[in-house]
Amino acid sequence: MAMPALPAARYPNSELEKKMGALAIKNVTKSFGDTHILKGIDIEIDDGQFLILVGPSGCGKSTLMNIIAGLEGPTTGEVHIGGRVVNNISPKDRDIAMVFQSYALYPTMNVRQNIAFGLETRKVPKKEQDEVIQRVAKMLQMDHLLDRKPGQLSGGQRQRVAMGRALARDPILFLFDEPLSNLDAKLRVEMRTEIKQLHQRLKTTMVYVTHDQIEAMTLGDRIAVMKDGIIQQFGSPQEIYERPSNLFVASFIGSPSMNFIDCHLAEQNGQIGVSLQTDSDARFLPLPNGQRLAGRVGQEVILGVRPEQLDVAHSDDNVAAISIKVNLTEPTGPDTMIFTKINGKEVVARVHPRDAKGPGETMRLALDMSKVVLFDPKTELRLE
Amino acid sequence: MIQSTRPAQYGFAERWLPRLVLAPSFLLSLVFIYGFVVWNGYLSFTASSLLPRYEWVGFHQYARLFANDRWWVAVFNLFKFGVLFIGISMLVGIFLAILLDQKIRFEGFIRTVYLYPMALSFIVTGTAWKWMLNPGLGLEKLMHDWGWTSFTFDWLVNPDMSIYTVVIAAIWQSSGFVMALFLAGLRGIDDSIIKAAQIDGATLPRIYWKIILPAMRPVFFSTLMILAHIAIKSFDLVVALTGGGPGFSSDVPATYMYAMAFTRGEMGLGSASAMMMLLSVSAVIVPYLYSELRRGSR
Ligand SMILES: Nc1ncnc2c1ncn2[C@@H]1O[C@H](COP(=O)(O)OP(=O)(O)OP(=O)(O)O)[C@@H](O)[C@H]1O
Ligand SMILES: [Mg+2]
């Protein structure tokens, strides 16, 4: 999608005015009767950041979104937008725009009327309305759709209109509730890029709900991983990917997901490490700065290894290498997934297709021990 | 296509069984509906009085009908009744549906309460309202007993107002039904549309007026068809409630036709009025059916 520059006059605030779209959610809980949906949510982001709320279905993402938008009130806690507490401010006065999972287009109005509705309600002069519609239509390349009804549009086009309706206003905060989940895979990737470009251009604070971890990783400045109404981890995509705070986050983010290998923490020759056993090899792999775990020697731990951290060992002197027997291969094009067993657990390695061996053959894999993470099997938390 | 893939021995039964099963009802409706319509049409051109008499008189009965005051009272009554009944039931029904749509408690119970009148026959409704509106028995007497002695509500016995009592009873009976139809329609509206409109800054009345009710157009038209149909057919309610009286002040075409054909010994006149009713119903139904069928075949 072409991205022409925005004209200077934007609605409703002038460009000059400094808009603070910082968002803070402070100890927000939500209960419906006896069911507690959100159990103490704390999130803070700066003006202009892109926040991702990610988590499995039913974890309370939409509920949190509705609370930010003011469509539902929190049971306890505070929501701050642009530095002011908005708990008692109605949705229309929060200066937000929202795109819904089901698009929520007004069925009897054509695209033009759909976009104009919010402007009309806010008593924007007719002439200005037309300018806004033209700008949005051009930006989203839907000039030719303006006179159609939502029923006459494809899923992708509807998605665009829903986006256009939000963009027609110039809010300090955009809320997207799974806007891409009804699109097919290809369109989804396209729209994802468009949203990212949009954010880079508008620099407006955005909150984006998804349960797609790729969307989460590619779009977000900050990611909040949720489960059962609790924030499991809140941080930058890189932090969450590299230093997941618990087993859930580690398994939820990344595809194929992280390998979890049960092992024993042991000490050999003054080095602390783990013993790995495969069908064709057994090794003790020392952990860099393993001394911090001295108190846990002899205990069970879970070793978390991402598939790309298991690569082909090219030189024989690599300490952290282990020979494995290939059980199955899955070529994906750029990489080939190698399935094997380590310590009795199924493990996936992502290697270059050139290096991949066939099922039944053995190959040597190197573990990047500086990147692996360890988890406590009982608390499921990452060991520092 | 499906049939051709099945074994041949099923062919005969499959082709003829449905027709055989449908044949009796087809024959019955052919004779007792269309046959009698034709017979009635024929009678309206004869000089039949107490009994059918096949003496052709041309449009004489229609001329008498159009010169008959009582017929015009009946026609205007139907007009007043139809417009008020359809209009008010629709408004009350939509209003109740919107209230019930606000996710209130005991919704199931309230819905049943409002829908219940529809389960009664018009005869029961008419009789019940006759008691309630009777100045000597019902509302007026109750008010008098409570000490409000200047209260009068004599519409039932007032020739200028009697048709409006029919309107009241019919609205009482049907608005719950209208409510149920609209409530089903409202429930089909995606919640997030309302949320989106709230964020767009619309007030609840504006949301309903500009977004939700326009989306109810199909429900509106089917409800209109059903109510129009009830209005034109209304006979039993009038008979039970006012009996067409006082005098013939609350007659409608159906009671007029019944009175002429079966109690006043004016069968020709009755047939002519029945034909007029048939024609006006067709004027409404035929274009509707035509548009529906055309849409269905497309
Ligand atoms: N009005 C309500 N009354 C009772 N429970 C509710 C209500 N709204 C939501 N819930 C419950 O709250 C939980 C969280 O719902 P929510 O819609 O926030 O999930 P979500 O994370 O957005 O899931 P999804 O990814 O499927 O959209 C669900 O278990 C849901 O059943
Ligand atoms: Mg949701």
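If you check an unreviewed UniProt entry, chain B appears there as sn-glycerol-3-phosphate transport system permease protein UgpA from Amantichitinum ursilacus. You can read under Subcellular location (unreviewed entry) in the UniProt record for chain B the words "Cell membrane". As stated in UniProt under Sequence similarities (unreviewed entry), the record for chain B gives "Belongs to the binding-protein-dependent transport system permease family."

With an unreviewed UniProt entry as reference, chain A is termed Trehalose import ATP-binding protein SugC, source organism Amantichitinum ursilacus.

(A) Representation of the interface of chain A and chain B within the structure. At the junction of the two partners, chain A supplies 24 residues and chain B supplies 16 residues. Carbon and sulfur atoms make up 64% of the surface buried where chain A meets chain B, a total of about 1,700 Å² over both sides. For the pair chain A and chain B, the number of links is 1 salt bridge. When the shortest N-O distance is used, the salt bridge between Glu120 of chain A and Arg206 of chain B registers 3.7 Å. If you list the elements that add at least two residues to the side of chain A that touches chain B, you get helix 1 (61-69), strand 6 (96-99) and helix 2 (111-121) of chain A. Looking at which element gives the most residues to the side of chain A that touches chain B, the answer is helix 2 of chain A, with 4 residues. Split by residue class, the side of chain A that touches chain B holds 13 nonpolar, 5 polar and 6 charged.

(B) Representation of the nonpolar core in the model. With 85 residues, the main nonpolar core has Leu23, Ile43 and Leu53 of chain A as its most contacted residues. The biggest single contributor to this core is helix 7 (residues 162-187) of chain B, with 11 residues. The contacts of Leu53 of chain A, once residues within four sequence positions are left out, are Ile43, Lys61, Leu64, Met65, Val207, Tyr208, Val209, Thr210, Ala224 and Met226 of chain A. Residues Ala97, Val132, Val161 and Leu180 of chain A belong to the second largest nonpolar core, which totals 47 residues.

(C) Fine view of the UniProt feature "domain: ABC transporter" (unreviewed entry) in chain A. Feature annotation in UniProt assigns "domain: ABC transporter" (unreviewed entry) to the following positions: residues 23-253 of chain A. With 36% helix and 26% strand, the stretch residues 23-253 of chain A has end C-alpha atoms that lie 24 Å from each other.

(D) Expanded view of the sheet that holds strand 19 (residues 345-351) of chain A. Residues and elements named next belong to chain A. Reading across from one edge, 17-18-19 is the order of the 3 strands in this open sheet, with antiparallel pairing throughout. Since the sheet does not close on itself, it has two edges, and those belong to strand 17 (328-331) and strand 19, each with one partner. Neighbour-to-neighbour, the strand axes of the sheet open up by a mean angle of 25°, direction not taken into account. Summarising the sheet, strand 18 (residues 336-342) and strand 19 pair through 7 bridges and their orientation is antiparallel. If you follow Thr336 over to strand 19, its bridge partner there is Val351.

(E) Quick look at the packing of aromatic side chains. All names here are of chain B. Inspection of the entire model under this criterion finds 21 aromatic pairs over all chains. Plain terms: the ring middles of Phe32 and Phe36 are 5.3 Å apart, the flat faces sit at 65° to each other, and that makes the pair edge-to-face. Of this pair, Phe32 and Phe36 both sit in helix 1 (residues 10-43), 4 residues apart, which is roughly one turn of that helix. Exposure remark for Phe36: the relative accessible area of 39% places this residue in the partly exposed category.

(F) Examining the site of ligand 1 more closely. Residues and elements named next belong to chain A. The full set of residues close to ligand 1 is Phe32, Ile37, Ser57, Gly58, Cys59, Gly60, Lys61, Ser62, Thr63, Gln101, Glu178 and His211. A distance of 3.2 Å separates an oxygen atom of ligand 1 from a polar backbone atom of Cys59. Burial of ligand 1 by the protein chains amounts to 58% of its free accessible area of 640 Å². When residues of the shell around ligand 1 are assigned to their parent elements, the largest contribution, 3 residues, is made by helix 1. Taken together, the residues of the shell around ligand 1 break down into 3 nonpolar, 7 polar and 2 charged.

(G) Molecular detail of the sheet that holds strand 21 (residues 373-375) of chain A. Residues and elements named next belong to chain A. The strand order 13-12-11-14-21 describes an open sheet built from 5 strands, whose pairing is antiparallel. Because the sheet does not close on itself, it has two edges, and the strands there are strand 13 (282-286) and strand 21. For this sheet, the mean inter-axis angle between neighbouring strands, taken without regard to orientation, is 40°. In the sheet, strand 11 (residues 259-268) pairs with strand 14 (residues 300-305) via 6 bridges, with the strands oriented antiparallel. Bridged to Cys263 within strand 14 is Val301.

(H) Region of the structure containing empty space enclosed by the protein. The full count for this structure, using the stated rule, is 4 cavities of 30 Å³ or more. Its boundaries defined by the atoms lining it, the largest cavity holds a volume of some 80 Å³. Taken together, Ala97, Met98, Phe100, Arg165, Ala166 and Arg169 of chain A together with Ala196, Ile199 and Asp200 of chain B make up the full set of residues lining the largest cavity. Contributions of two or more residues to the lining of the largest cavity are made by strand 6 and helix 4 (155-167) of chain A together with helix 8 (191-199) of chain B.

Cut-off values and rules
- Residues numbered from 1 in each chain as written.
- Chains lettered and ligands numbered in written order.
- Predicted model: local features only at pLDDT ≥ 70, side-chain atom pairs only at ≥ 80, totals over all residues.
- Heavy atoms only, no water.
- UniProt positions renumbered as here; feature names shortened; annotations may be inferred.
- Contact = heavy atoms within 4.5 Å.
- Buried area = accessible area lost by both parts, 1.4 Å probe.
- Salt bridge = Lys/Arg side-chain N within 4 Å of Asp/Glu carboxyl O.
- Helix = DSSP H or I, 4+ residues; strand = E, 2+ residues; numbered from the N terminus.
- Nonpolar A, V, L, I, M, F, W, Y, C, P; charged D, E, K, R; others polar.
- Core = buried A, V, L, I, M, F, W, Y, C linked by side-chain atoms within 4.5 Å.
- Buried < 20%, exposed > 50% of the residue type's maximum accessible area, 1.4 Å probe, protein only.
- Pairing = 2+ DSSP bridges.
- Axes fitted to C-alpha atoms, helices over the stretch in contact; angles between N-to-C directions.
- Phe/Tyr/Trp six-rings, centres within 6.5 Å; stacked < 30°, edge-to-face > 60°.
- Near = heavy atom within 4 Å.
- Polar contact = N/O pair within 3.5 Å; in protein donor to acceptor, adjacent residues only side chain to side chain.
- Areas by Shrake-Rupley, 256 points an atom, 1.4 Å probe, with all protein chains shown as cover.
- 1 Å grid on protein atoms, 1.4 Å probe; cavity = no way out; pocket = protein on both sides within 12 Å on 5 of 7 lines; lining within 4 Å.
- Points joined across faces, edges and corners; volume = space filled by probe spheres on them.

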